[in-house]
Amino acid sequence: MLTLDLARRSLRNRLLPSILTVLSIAFSVALLVGIENIRNGLRASFTGTISGTDLIVGPQAGSIQLLLYSVFGMGSPTGNISAEAYEHFQNHPAVAWTIPYALGDSHRGYRVIGTTQDFYEHFRYRGGTPLALAQGDRAREARDVVLGSEVAERLEYDLGERIVVTHGMGAPGIMDHDDMPFQVVGILERTGTPVDRALYMTLEGIDAMHEGWEDGVPPAPPSFAPGGEGSAEDDYYAAPPTPPSETDAHDHDHDHQHAEAQTPVGAQDPSDHAHDHGGTQITSFFLGTTSRFEMLSLQREINEYRGEPLMAIAPGIALAEMWRSVGYAEDGLKIVSFFVVIVGLLGMLVSLYTALDARRREMAIFRALGAGPRRIIGLLVVESGFLALMGAVIGVALVYGSILLFQGTVEARFGLLIPIRPLGSLEWLYLGAVVAAGFFLGLIPAAKAYRNTLTDGLSPRS
Amino acid sequence: MTNAEGSDLAPDGARVPAVELRQLRFGYRPGTPVLQIDSLIVPAGETVFLHGPSGSGKTTLLGIIAGVLKADRGEALVLGKDLTRLGGSDRDQLRGERLGYIFQMFNLIPYLSAFDNITLPCRMNPRRMKRLDGSLDSETRALARTLEIESLLDARPGELSVGQQQRVAAARALLGRPELVVADEPTSALDADRREAFLGLLFESCREAGATLLFVSHDRSLEGRFDRALSLPDVNRAPVAA
Ligand SMILES: Nc1ncnc2c1ncn2[C@@H]1O[C@H](COP(=O)(O)OP(=O)(O)O)[C@@H](O)[C@H]1O
Ligand SMILES: [Mg+2]
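Residues numbered from 1 in each chain as written. Chains lettered and ligands numbered in written order. Predicted model: local features only at pLDDT ≥ 70, side-chain atom pairs only at ≥ 80, totals over all residues. Heavy atoms only, no water.

A. Seen up close, the sheet that holds strand β9 (residues 228–231) of chain B. All names here are of chain B. Spatially, β6-β7-β8-β3-β9 is the arrangement adopted by the 5 strands of the open sheet, whose pairing is parallel. Looking at the sheet topology across the chains shown, the edges are occupied by β6 (99–102) and β9. Neighbouring strand axes in the sheet, compared pairwise and without regard to direction, differ in orientation by 15 degrees on average. Across the sheet, helix α1 (residues 58–66) touches β3 (47–51), β6, β7 (180–184) and β8 (212–217), and the angle it forms with β7 is around 155 degrees. Along the sheet, helix α2 (residues 88–98) makes contact with β6 and β7, crossing β6 at roughly 80 degrees. (Pairing = 2+ DSSP bridges. Helix = DSSP H or I, 4+ residues; strand = E, 2+ residues; numbered from the N terminus. Axes fitted to C-alpha atoms, helices over the stretch in contact; angles between N-to-C directions. Contact = heavy atoms within 4.5 Å.)

Structure (C-alpha cells):
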C-alpha cells in the first residue's frame, strides 16, 4: 500500500528523530507501568507476608498489635495464652492445624521464636509458598536453633555456630541465657518477609532456657542445669515494652518490682517479661480451619472463649485494612503516576507535533500532486500513530523485560517481589490514551495541510 | 498539432480553453480581496506567460486554477470543468489526473528517489496511471531522457543541484500526459544559463505531451519565448496589498 510505503520511507528518512520520539514515549509508558508494578509489588509483598493462615489468635488486645507482633515481629506480645486454651482450640474439630509462637527472647536484636514442627509444616507466605530450608534441618531438639536468612547473612553464621539468647529484646549482656548456648542446625531459605529476621527454636528449648528465670532475672548461682527436668516450672512469657500491669492477669507485681531494682543500665527492663507458672504458655498461635466456612463461627467462638480473654483476627482482612491505613504511600505513588501520565502525554504531543509540523512543505507537495484529504490524513496519522504504538509497546516491553531481569536482584536486595502480572486498567487506559493521542495528533497537521495553500512552508508567513 | 479529445471541443467545434475565469473573486479573509478578475483565458495547447510583481496574487491564482483554493464567486473553468461547482475531492481528482504543478523550489519529497518522485502522481492516482502510453518505467525513462536527467533517476533530491531538481519536478508534472501544466516561477532559483536551458526542455516536453503551459513569473525577461503573455495587474482589479 502506497501510504504505508511512504510512511515507512518517511520514518526511515528521519530515523533519529523518530527513534527519539519513540523512546520518549516508551520511557513515559515504562515509568507509569513500572510505578504501577512497584505499587502492586509493594501491596502484594505486604499482604503476602502471611498466607494460608485463617486466624491469628492472641490474648485480647488491639488487633493491629496482635498482627504486628505475630506477623511482622514488631512491638511486644500483649500476654500469654494458657496451655489449656491452646490445646482446646488445637483439638477443635474446625481446626486443621495450628502453629504456636512463644516470643520474648532475642539474639543480637533479632527475635527468637519458640515454635513446633507445625511452623515448618504449615506456615505459608505469598500465595501459599511453604518455608524451605536453605541448609541443615529443622530445630527438633531443645538446643537446636534455625536462622532466618537475613539473620544468618547479617551475623555471618553457619551451621554448627553456637549462640546465646538474650532475655527480652535488649543488647547481649547480663540478661543472656548464657547458661544454655544453642547450636545452629538450619538456615531458612529467603522469603522476603519478617520470617527472615528471626531465629526459631523449639518450645522445649524456650522452656529449658527459662528454667529458674521465673522472676524474669537470671537464676542465682549455682544455676540450674540447662535442659532442666522438664519440671512443672514450664515458663512462657510475653516480651518487652508492655508495662507489667497491662501485660497479663498474672500476679507477680512484687517480683517485677524486685526485678526492676536489679535491672542494669542499658539492659532491657526484665519486668517487661510477663510470665507465669502453670502449663505450656505461648504468646499467640496461627491456625488453619478444616473448612473456610468454619472461619467466622470459629473466630466468634475464640473471641467469646470463657477460659481467658482471647481474640482471633483474620490476617488477610487485617492486612488489607492495615495496608489501606498506611495507603498514603500508595497514594503518593498514584500521584506520581498521574503526573507521569500528564508529562508523558505532553512530551509526546510536543515531539510528535514538531515532527509533523516540520513536514508541512511535504504536505503542500502532496496536495499539489492531487493527494486528497484521506491520503494526507493517512500519511500523518499512520506515522504518528505508529510512533505512539511503538513507544507504548517498547515501554511495556522495557518494564516486563527489566522485571524478568531484575526480579531476583530486587527480591534479594529489598525483599520486594515484583510479580509478572497482566496490565491493570490504569495502564491500559494510559496506553490507549497514548496510542489514541498519537493517531488524533496526526489529524491536526493533516487538517492544517489540507486547508493551507500551496505556498505553505515556502513563504515566510505561515 | 494536438490531437484534441472530444471533451476539449466546444459545441461549435472550437477548442475549449484550458483555463477560463469569469467574474472571479477571491480573498483569504473577508473584506480583503486578493483577486478580482472579470475575464482571463488561457487557450488550449499554448504556452502562456503570466507576469506580475511579487504579492500581486500569482500563486493565489494558480491555487485556484489547480483547485487547491476555492473562488468566493464567479466561474473558474479548468479543462472544461467549473471548479467552483466541484467538491473538494473532485478538484483533487481533477488535479491529480489531468494537471501538472511545478513549484518555485523545494518541489521534491526528500526521502524518495528522483524516479519515485516522478512516478508519485501516477502511483497516487490510478486514472493518471492509465493515461500512460507505455509502462510506468519506460514512460518515465523517456521523459527523463528528454529532460536530460536519465542518469539521475536513482538519486535523492539532496544529491541534485537546484536545476536538476527543477527538471525532476518538470518530469513529474508531465508524466501521465496532463492537459495543463502550471508552473509557479520554476526558474527563479536558477541562474540565467540554466533558466534558458530549463525553459527549452520544459517547452519541448510540454509540446511532446500536448500540454498547455501556464507559467507565472515576476521576471519579464522570459516573456518573449512564450506564445502569449498576460499581465496579472492588468486583469486583476483587486487593490494590491502593500
Ligand atoms: N495563505 C495565505 N493566507 C493569507 N494571505 C495570503 C496567503 N497567501 C498569500 N496571501 C496574500 O495574498 C496576496 C497574494 O499573494 P501571492 O499569491 O503569494 O502573490 P505572488 O505569488 O504574486 O507573490 C499577498 O498580499 C499575500 O499576503
Ligand atoms: Mg508566489
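B. Examining the interface of chain B and chain A more closely. In this complex, chain B contributes 26 residues to the contact, which on the side of chain A involves 26 residues. Around 2,400 Å² of area is buried between chain B and chain A when both sides are counted, 66% of it from carbon and sulfur atoms. Ranking the residues of chain B by area buried against chain A places Phe103(B), Tyr111(B) and Met124(B) at the top, with a combined share of 32%. At the surface where chain B touches chain A, the tally comes to 2 salt bridges. A salt bridge links Arg9(A) to Asp116(B); its shortest N-O distance comes to 3.1 Å. (Buried area = accessible area lost by both parts, 1.4 Å probe. Salt bridge = Lys/Arg side-chain N within 4 Å of Asp/Glu carboxyl O.)

C. Examining the packing of helix α13 (residues 360–368) of chain A against helix α14 (residues 373–414) of chain A more closely. Residues and elements named next belong to chain A. Interaxial distance between α13 and α14 falls to 10 Å at its minimum, and their mutual angle equals 150 degrees. In terms of orientation, α13 lies roughly antiparallel with respect to α14. The handedness of the crossing between α13 and α14 is right-handed. Facing α13, whose interface residues are Met363, Phe366 and Arg367, α14 presents Ile376, Leu379 and Leu380. (Parallel < 35°, antiparallel > 145°, perpendicular 65-115°, else oblique. Left-handed = near helix turned anticlockwise from the far one by under 90°.)

D. Inspection of the side chain of Glu179(B) at higher detail. Examined against the element boundaries, Glu179(B) turns out to sit in the loop between α6 (162–174) and β7. For Glu179(B), a relative accessible area of 10% corresponds to the buried category. (Buried < 20%, exposed > 50% of the residue type's maximum accessible area, 1.4 Å probe, protein only.)

E. View of the layout of surface pockets. If you add up the space inside the second largest pocket, you get close to 420 Å³. Around the second largest pocket, the lining comprises 17 residues; the ones closest to its centre are Ala371(A), Gly372(A), Arg374(A), Arg375(A) and Met124(B). Put simply, the parts of the chain that give the lining of the second largest pocket at least two residues each are α14 of chain A together with α2 of chain B. When the residues that make up the lining of the second largest pocket are grouped by side-chain class, the tally is 6 nonpolar, 8 polar and 3 charged. (1 Å grid on protein atoms, 1.4 Å probe; cavity = no way out; pocket = protein on both sides within 12 Å on 5 of 7 lines; lining within 4 Å. Points joined across faces, edges and corners; volume = space filled by probe spheres on them. Nonpolar A, V, L, I, M, F, W, Y, C, P; charged D, E, K, R; others polar.)

F. Spotlight on empty space enclosed by the protein. Summed over the entire model, instances satisfying the criterion amount to 4 cavities of 30 Å³ or more. Roughly 50 Å³ of internal volume is contained in the second largest cavity. For the second largest cavity, the full set of lining residues is Ala368(A), Leu369(A), Arg95(B), Gly96(B), Leu99(B), Gly100(B), Tyr101(B), Pro121(B), Arg128(B), Arg172(B) and Ala173(B). Elements represented by at least two residues in the lining of the second largest cavity include exactly α2, β6 and α6 of chain B.

This is a description of form; function is not addressed.
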